[in-house]
Every structure is written in C-alpha cells, then in structure tokens.
Amino acid sequence: MKRLIAGMLGGLLVMGGAAAQTDKKPASKPAAKPAAQAVQAAPAAEVKDAATLEFEKFRAEMEDSNPAELFEMKGEEQWKAKRGPKNVSLAESCDLGKGVGQVAGAYVIHPRYYADANAVMDLERRVVWCMVEKQGFKFDDIAKKPFADSNSTPDITNLVTYVATHSKNMKIAVPLDDPKVRDAFETGKAMAAYRAGPYDFSCNTCHSGDGKRIRMQQLPNISTPEGAIKGVQGWPGYRMTGGVMLTHQWRMTDCFRQQRFPQPKYASDAIANLLTYMIGTANGLEYKGPGIKR
Ligand code: HEC
C-alpha cells in the first residue's frame, strides 16, 4: 500500500523533488522543527480558550455580512454567462450530478464518480472539467493560477463559491456505496496516514488526535465525523489572513506544504482522494455553506 501511494503521489507531483527541496518559504522563524513539539494535546479538548471564543464571536458577527457573498455573486454571473472558446455557459452544459445546470444540493454530494470523465471528482475538479470540456478553456491556463492571492481571485473560486452556497444547511452525502468512490476513500485514508518528507509527517501527525493545535490553530481530528466536518465546514472560505477567498482544494494543497511534501497537482486524483476521505467521513452532518476562516 505504501508503495502504491508513494508511486501515486510521485506520479502526480508537479515539479517533483526540485519543488520539495527548495522550500520557497524558508522556515518562518522556527517553523518546521519545533512544529513536531508544537503539535501538542491541549489539556482539555473541549475547553475553549479566550482566543477561540473571541474568534467565534467575530465570525458570528461577520457571517451576517460574509464577504463570501461577493464571490458568490460573481460566480453566479460566470455560471450563467456564455464563455470560453466554445461560447457556452456552464448553466446550459455542466452536470454536477444533479442534472445539467442544476446547482441546488450539488456541493454536498461531492466527491463523486463521473463516468464521462472516468474519475472521482471533488466539486472544484468537476467545475474545472466542465470549463475545459464544455467551454473549451485550457486546463493548463486554469492550473497556472488556480487559487486566489491578494491580487486576484480566479473564476474557478467564484464558481465553486456559487455552487457551494446552494448546499447551505444540507447534509453531506458523499456516495460511498459507489465502489469507485469507496476506492478513492480508502486511498485517501491511506494517504492521510502516509508519513514521509523531511520531518516524516503525515496528515495524521497533526490531524488525528483530539484537541491538537499548532500555535493558535486548533487542528481538527479528521478521522472522526465530528472532526472531519470541522475540516469541511466553512470551505470555500474567506480567509481573514490575507483577505482572500479560498477553496477546499487550496486547503489541501497548503497542508501538503505544511507537511513539507511536494505540491500536489491541481485538480488531481490525489486531492480528490483526500477530499473523498475527509468529506466522506463527515457524511450525514450538515454543511453550513461558504464561511470565514481566520
Ligand atoms: C505540520 C502539521 C500539519 C500537517 C502535517 C497537516 N496539516 Fe492540516 N492544518 C495544519 C494547520 C496548522 C492548520 C490550520 C491552518 C490555518 O488555519 O491557518 C491546518 C488546517 C487544515 C484543515 C482546515 C481545518 C479547518 O478548520 O478548516 C484541513 C481540512 C487540513 N488541515 C487537512 C490536512 C490534510 C488532509 C493533511 C495531509 C495532506 C494535513 N492537513 C497535514 C497543520 C497540518
């Protein structure tokens, strides 16, 4: 199994070892090494500290006027507009598992298997697929800058935010009884446990105990439904650090970085598998829609 996953990761890496070794962000102060020690169990997992309470208060206030709405509105325009070399809209061509053009409830049934693409796809991957196959955009152009930064937000982020809004307050329902989805789940689960890299970290090093935290951040235990939903909730999310709208795929990619792994390829099997594991673990729990992250 280890070999299989290593091979799979290896095959999907964008720049392989080169990218891994030149860690662009040279250890923000004591970043890497002490991280292992910094991952420590808080004495009582459910006792919320002042900072957490303060943030939750702030988030509750912000959610009344969630900046995510701006991205959602843009996404709606882009969903409905005829765009791309083929000049068609996603609304008239893209099937997100609920029928062509339908967005209600689509976010919470992903990842799912699509026969037309012969792949298990998380929602973002599926929308990218539609943009390429139906509208004629080039995958490489989208993958060049798939995530927002302080200068710009890619269309795909707006679109994902728009679709996600239409699953607000719905129960997560990843179709785990589909054998292909089940396979992706199992691979994702093994990936989460796979230790490698300069610090021999796996996702689970940081995310499989209750009440773990790094510096100020509480780290959800993604191996339980209650923990997994915390890692699903609020994505896509408006991140106050940097003031940008980011997707669940971004979150996965950034945790590969924290893990000191080479970056996974955008919209790849690797990310879809991990998301299948994490979102599938949260099955049956309620998704509250795009949110705010600190
Ligand atoms: C070195 C420790 C570390 C490793 C390894 C790590 N993460 Fe994380 N993860 C974090 C930290 C720290 C945060 C919070 C970051 C923030 O909010 O700025 C986080 C956040 C997350 C979140 C979002 C939680 C939320 O509240 O929304 C998810 C989901 C997640 N990680 C999944 C993963 C997965 C999957 C992997 C394996 C590919 C992984 N992480 C590997 C440290 C780690």
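In case you missed it, the structure is sitting above this.
As the structure is a computational prediction, the values presented were derived from the model and not from experiment.

Caption draft 1: Main features of the overall build of the protein. From N to C terminus, the protein includes 13 helices and 10 strands. Expressed as a percentage of the 294 residues in the protein, the buried residues total 37%. The long-range share in the protein, meaning contacts at least 24 apart out of those at least 6 apart in sequence, stands at 72%.

Caption draft 2: Spotlight on the site of the ligand. Contacts to the ligand come from 22 residues, most closely from Cys203, Cys206, Gly231, Cys255 and Gln259. If you list the elements that add at least two residues to the shell around the ligand, you get helix H10 (203–207), strand S6 (217–219), helix H11 (225–232) and helix H12 (248–258). The element contributing the most residues to the shell around the ligand is H12, with 5 residues. When the residues that make up the shell around the ligand are grouped by side-chain class, the tally is 13 nonpolar, 7 polar and 2 charged.

Caption draft 3: Highlighting the environment of Ser268. Topologically, Ser268 is positioned in the loop between H12 and helix H13 (269–281). It is 9.6 Å that separates the C-alpha atoms of Ser268 and Asp122, two residues lying 146 residues apart in sequence.

Caption draft 4: Fine view of the packing of helix H5 (residues 68–80) against helix H8 (residues 155–165). Where H5 meets H8, the closest approach of the two axes is 7 Å, and the angle between their N-to-C directions is 100 degrees. Looking at the two axes, H5 sits roughly perpendicular to H8. Of H8, the residues touching H5 (which contributes Ala68, Phe71, Glu72, Lys74, Gly75, Glu76, Gln78 and Trp79) are Asp155, Thr157, Asn158, Leu159, Thr161, Tyr162 and Thr165. A class-by-class count of the residues in the contact of H5 with H8 yields 5 nonpolar, 6 polar and 4 charged.

Caption draft 5: Unusual backbone geometry, seen in detail. The residue after His110, namely Pro111, is reached through a cis peptide bond having omega -5 degrees. Mapped onto the fold, Pro111 is located in the loop between H5 and strand S2 (112–114). Following Trp235, the chain continues to Pro236 via a peptide bond in cis, the omega torsion being -5 degrees. Among the secondary structure elements, Pro236 is positioned in strand S7 (residues 234–239). You will see that Asp200, though not glycine, has its phi angle at about 55 degrees, which is positive. With respect to the secondary-structure elements, Asp200 resides in the loop between helix H9 (179–193) and H10. Owing to 11 C-beta atoms within 10 Å, Asp200 belongs among the exposed residues under this scheme.

Cut-offs and rules
Residues numbered from 1 in each chain as written. Predicted model: local features only at pLDDT ≥ 70, side-chain atom pairs only at ≥ 80, totals over all residues. Helix = DSSP H or I, 4+ residues; strand = E, 2+ residues; numbered from the N terminus. Buried ≥ 20, exposed ≤ 12 C-beta atoms within 10 Å, placed from the backbone. Contact = placed C-beta atoms within 7 Å. Near = placed C-beta within 6 Å. Nonpolar A, V, L, I, M, F, W, Y, C, P; charged D, E, K, R; others polar. Axes fitted to C-alpha atoms, helices over the stretch in contact; angles between N-to-C directions. Parallel < 35°, antiparallel > 145°, perpendicular 65-115°, else oblique.

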